[in-house]
Amino acid sequence: MARFWLIADHLPGIAAAKAGLATVDRVVAGLTTPGGSVTVGTVPVPADCTDGFLGAYWNRPKCYLDPDRRAAISAFVRLPAAAVRDAIGRLSDDLAGGRWDARHGQLRGLASTDLGYRLVTATRGAPSAPL
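Residues numbered from 1 in each chain as written. Predicted model: local features only at pLDDT ≥ 70, side-chain atom pairs only at ≥ 80, totals over all residues. Heavy atoms only, no water.

Undergrad: Summarise helix H6 (residues 81-97); cite the residues concerned and give the values.
TA: With 17 residues, H6 extends 24 Å between its outermost C-alpha atoms, agreeing within 8% with the 24 Å of an ideal straight helix rising 1.5 Å per residue. Those residues of H6 that fall on the buried side of the exposure criterion are Val84, Ala87, Ile88, Leu91, Asp94 and Leu95. The buried residues of H6 all sit within an arc of 120 degrees when viewed along its axis, so they share a single face. The exposed residues of H6 that point more than 90 degrees off its buried face are Arg85, Ala96 and Gly97. Immediately beyond the C-terminal end of H6, within one or two residues, lies Gly98, with a positive phi of roughly 80 degrees. (Helix = DSSP H or I, 4+ residues; strand = E, 2+ residues; numbered from the N terminus. Expected span 1.5 Å × (residues − 1). Buried < 20%, exposed > 50% of the residue type's maximum accessible area, 1.4 Å probe, protein only. Arc of directions from axis to C-beta.)

Undergrad: Explain the pattern of salt bridges residue by residue, including any values.
TA: Pairs may arise between side chains of opposite charge once their charged atoms sit close together. Under the criterion given, the structure shown has 5 salt bridges. Notably, a salt bridge pairs Asp66 with Arg69, separated by 3.7 Å at the nearest N-O pair. Look at Asp66 and you get partly exposed, because its relative accessible area is 27%. When the shortest N-O distance is used, the salt bridge between Arg118 and Asp114 registers 2.9 Å. The exposure class of Arg118 is partly exposed, given its relative accessible area of 34%. Salt bridges linked by common partners bring Asp94, Arg99 and Arg103 together as one network. (Salt bridge = Lys/Arg side-chain N within 4 Å of Asp/Glu carboxyl O.)

So, in structure tokens, the structure goes:
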């Protein structure tokens, strides 16, 4: 997630805040049971995603300029308002000056991308036979 352009270029504080969350390895270890199985799958984010979570607008950067959309994204809400205001100002300048397109414009042509979201599924093993 820290490589996502929004975080890497504008809001590294999000990566720092998320660093304290459980890792996939830790979640898998916590869900592993004898005889059970745990699978981890990639959750690609489609280019036209409308869910409104942090990575939903990865190829539509102007969406992050909308204060109503940002208000619905917990990562923005948890950051100091001044940090968000400064980051959004830089993003707005990057878009207006063509810098975003020069660095990331190739993203507009992708159907989906992997931003690091994972789906962890666990099944329990068969119960032990009674003694």
